[in-house]
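Topology and contacts: notes
The primary structure of each chain is shown beneath.
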Amino acid sequence: MKSLQIAKTHRIKIVILAFLLNYVGQFGIDVYLPSMPNMQHAFNTNSAHIKLTIGVYLIGMGFGQFIFGFLADRFGRRASLMTGAIGFSAMSFILLFSHTIVSFLVWRFLQGFFVTAGMVVGRVVSRDLFESKQLMKISSYLTALWAMIPVFAPMIGGYIQEYLGWHMNFIVIFVLSLIVTTMIYLLFPETKPSNDEHPYDNFYQGLRHVLRNKLFVFCLLNASFGSAYIFAYNAISAFLLQVNLHLLPSTFGWIAFSMASFILLGSFSNAQLLNHFSRKRLIYTSYGFITVASIVLLTLALTASLSILTVAIPVAIVFFASMLNYPNFSGSSYGSLNKYRGIGTAVYGTVQLAVCGLLTVFTVLLPTHSATGLAILFLIFVAIQALLVIPIRKQL
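What you see as residue numbers is a count from 1 along each chain, following the sequence as written. The predicted nature of this model means local features are confined to residues of pLDDT at least 70 and side-chain atom pairs, given and counted, to a pLDDT of 80 or more, with totals for whole chains, interfaces and linings taken over all residues. Heavy atoms throughout the structure, all of them, feed into the side-chain values; hydrogens and water do not.

**Digging into the overall build of the chain**
Looking only at helices and strands, one finds 15 helices and zero strands in the chain. The C-alpha radius of gyration of the chain comes to 20 Å, within 12% of the 21 Å expected for a compact globule of 396 residues. C-alpha atoms of the chain, sized along the principal axes, occupy 60 × 50 × 35 Å. The buried share of the chain, reckoned over its 396 residues, is 60%. Pairs at least 24 apart in sequence give 88% of the contacts found in the chain among residues at least 6 apart. A 1.4 Å probe and the Shrake-Rupley method give the accessible areas. Residues count as covered only by the protein chains that appear here. About 15300 Å² of surface is accessible on the chain, with carbon and sulfur atoms providing 69% of the total. For the charge count, each Lys or Arg is scored as positive and each Asp or Glu as negative, with His and the chain ends excluded. Charge coordinates come from a single atom per side chain, which is NZ of Lys, CZ of Arg, CG of Asp or CD of Glu. Across the chain, 24 positive and 9 negative side-chain charges occur, with their mean positions spaced 10 Å apart. The helix count covers DSSP runs of H or I at least four residues long, the strand count covers runs of E at least two residues long, and both are numbered beginning at the N terminus. Every radius of gyration here is taken over C-alpha atoms, with the globule rule written as 2.2 Å times N^0.38, N being the number of residues. Only protein chains enter the accessibility calculation, which uses a 1.4 Å probe. A residue is then buried if its area is under 20% of the maximum for its type, exposed if over 50%, and partly exposed in between. Any two residues whose heavy atoms approach within 4.5 Å at even a single point are treated as in contact.

**Remarks on a nonpolar patch on the surface**
Taken together, the side chains of Val-175, Ile-179, Met-183, Tyr-185, Leu-186 and Leu-187 define a hydrophobic patch exposed on the protein surface, amounting to about 610 Å² of accessible area. In this fold, Tyr-185 is placed in helix 7 (residues 167–187). For Tyr-185, a relative accessible area of 53% translates into the label exposed. Residues qualify for a patch when their relative accessible area is over 30% and they have no salt bridge, like charges being joined within 9 Å and the nonpolar side chains of Val, Leu, Ile, Met, Phe, Trp and Tyr within 5 Å. Definition used for salt bridges: Asp or Glu carboxyl oxygen within 4 Å of a side-chain nitrogen of Lys or Arg.

**Observations regarding the side chain of Ser-237**
Positionally, Ser-237 belongs in helix 9 (residues 214–245). Using a relative accessible area of 1% as the deciding quantity, one classes Ser-237 as buried. Setting aside anything within four residues of it in sequence, one finds Ser-237 in contact with Gln-242 and Phe-252.

**Focus on the packing of aromatic side chains**
For Phe, Tyr and Trp, rings pair up if their centres lie within 6.5 Å, where Trp contributes its six-membered ring, and each pair is then called stacked (planes under 30 degrees apart), edge-to-face (over 60) or tilted (otherwise). For the structure shown, the criterion picks out 21 aromatic pairs. Ring plane angle 50° and centroid distance 5.3 Å describe the contact between Phe-43 and Trp-166, whose orientation is recorded as tilted. Taken together, the residues Phe-43 in the loop between helix 2 (36–42) and helix 3 (47–74) and Trp-166 in the loop between helix 6 (132–163) and helix 7 connect sequence positions 123 residues apart. For the pair Phe-43 and Trp-166, one class covers both residues: buried. When the ring of Phe-113 is compared with that of Phe-114, the centres are 5.2 Å apart and the planes differ by 90°; the resulting orientation is edge-to-face. Grouped by ring-pair contacts, the aromatic residues Tyr-32, Phe-43, Phe-104, Trp-166 and Phe-170 constitute a single cluster. Between Arg-108 and the ring centre of Tyr-57, over which it is positioned, the NZ or CZ distance is 4.0 Å. In this scheme, the term charge over a ring applies when either NZ of a lysine or CZ of an arginine sits within 6 Å of the ring centre and within 35 degrees of the ring normal.

**A word on unusual backbone geometry**
The backbone of Asn-44 shows a phi angle near 55°, a positive value even though the residue is not glycine. Mapped onto the fold, Asn-44 is located in the loop between helix 2 and helix 3.

**Examining the packing of helix 3 against helix 4 (residues 77–95)**
To obtain each axis, a line is fitted to C-alpha atoms, and for helices this fit is confined to the stretch in contact; angles are then taken between N-to-C directions over 0 to 180 degrees. Helix 4 packs onto helix 3 with a crossing angle of 150° between their chain directions and a minimal axis gap of 8 Å. The way helix 3 lies across helix 4 gives a crossing that is right-handed. Residue-level contacts link Tyr-57, Phe-68, Leu-71, Ala-72 and Asp-73 of helix 3 to Arg-77, Ser-80, Thr-83, Gly-84 and Phe-88 of helix 4. The sense of a crossing depends on the near helix, which, turned anticlockwise from the far helix by less than a right angle, makes the crossing left-handed and, turned clockwise, makes it right-handed.

**Things to note about the packing of helix 3 against helix 9**
The contact between helix 3 and helix 9 brings their axes to 10 Å, and the two run at 155°. By the angle class used here, helix 3 and helix 9 are roughly antiparallel. By crossing handedness, the relation of helix 3 to helix 9 is classed as right-handed. Within the contact between the two elements, helix 3 uses Ser-47, Ile-50, Lys-51, Ile-54 and Leu-58 and helix 9 uses Phe-231, Asn-234, Ala-235, Ile-236 and Phe-239. Of the residues in the contact of helix 3 with helix 9, the class split is seven nonpolar, two polar and one charged. Just so you know how the angles are binned, under 35 degrees is roughly parallel, over 145 roughly antiparallel, 65 to 115 roughly perpendicular, and the rest oblique. We call Asp, Glu, Lys and Arg charged. Ala, Val, Leu, Ile, Met, Phe, Trp, Tyr, Cys and Pro are nonpolar, and the rest, Gly among them, are polar.

**A closer look at the environment of Gln-161**
By secondary structure assignment, the location of Gln-161 is in helix 6. Taking the C-alpha atoms as reference points, Gln-161 and Met-36, separated by 125 residues in sequence, lie 9.7 Å from one another. In this view, Gln-161 contacts Pro-34, Ser-35, Asn-38, Trp-166 and Pro-249; residues no more than four positions away in its chain are not counted. Of note is the side chain of Gln-161, whose polar atom sits 2.8 Å from the side chain of Ser-35. Two N or O atoms count as a polar contact when they lie within 3.5 Å, although within protein this holds only if one can serve as hydrogen donor and the other as acceptor, and sequence-adjacent residues are included solely when both atoms are side-chain atoms.

Spatial relationships are all this shows, so hold off on functional conclusions.
Written as structure tokens, this is what we have:
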């Protein structure tokens, strides 16, 4: 199926449908953030183990990348996506009956493993149907849709926690997984090009080809740290704000709504600004905003008492600025793949999720009573991003 044979509006619908499973997967992270302190008591464990429910989920997503990349190239996009959707639904159902934190972590890992099919196939289908700058614009809009999840999910989860309890969050995830699986089965077509000459017959040849693509590798690494700001904050936010500032889950949800709105704003802004500015200029501007906001957060954490505003305002600016670089690096990375798209997107997802997962696990070591560690992490992330852009600055 060639992209030119499909109307643009229909292509967009196909890509969104491919990404729906990924969006449910992200919802599965954000909706229960307000419930994390209550889950700590329910499982009779410590905050570190509850934070790990995000980390193992992301690591599971990283492990699933190569499997579903293989399926996408070898057996087609539809088969890969359906396998992931069915597996995620099954794991979401089994997870409902977990009674210990160990079993809960195991099923969260497997949830992440299967839900990654949405991420892999979504990116492959995007590359199947769109080219060059159009691909980067689509990437910005898809990121904007993804960004709506951390805007609304914690707010929804806050009310679910207050009125129905933490367990209901995971029932909602299971129901959504069934709906998405049904939609994929009924509506998603095969988009793999009929003249695709690079299935997975020579895995190592494909892997070497992808890893020798300098633009792909360095954009991938930059995108990984570009998304790490959000995951690092999510891992500690509930304990930082609810436990230490004694906020109700619903209040925490509204704060998360307000802050995550800046992710959405940044994504839409990036899509529009690409019409007027180069991606290089937007990327450098984002680095400046993140650096300044992180320094302000660090200064306030060291000199002022912890409050909602001293945390929320700097973090909101970091969220906005990160969306001025993440979609550009993401689109440029898998947009550089002319063949071996399945393995390329698998490498992309594996590295990105490994970075985010390991950094999220690392936040277990951070104290929950202070924003100092979070500010230092942000400064480390932006410094690494600035170094990683140097080898590809002439190609941006």
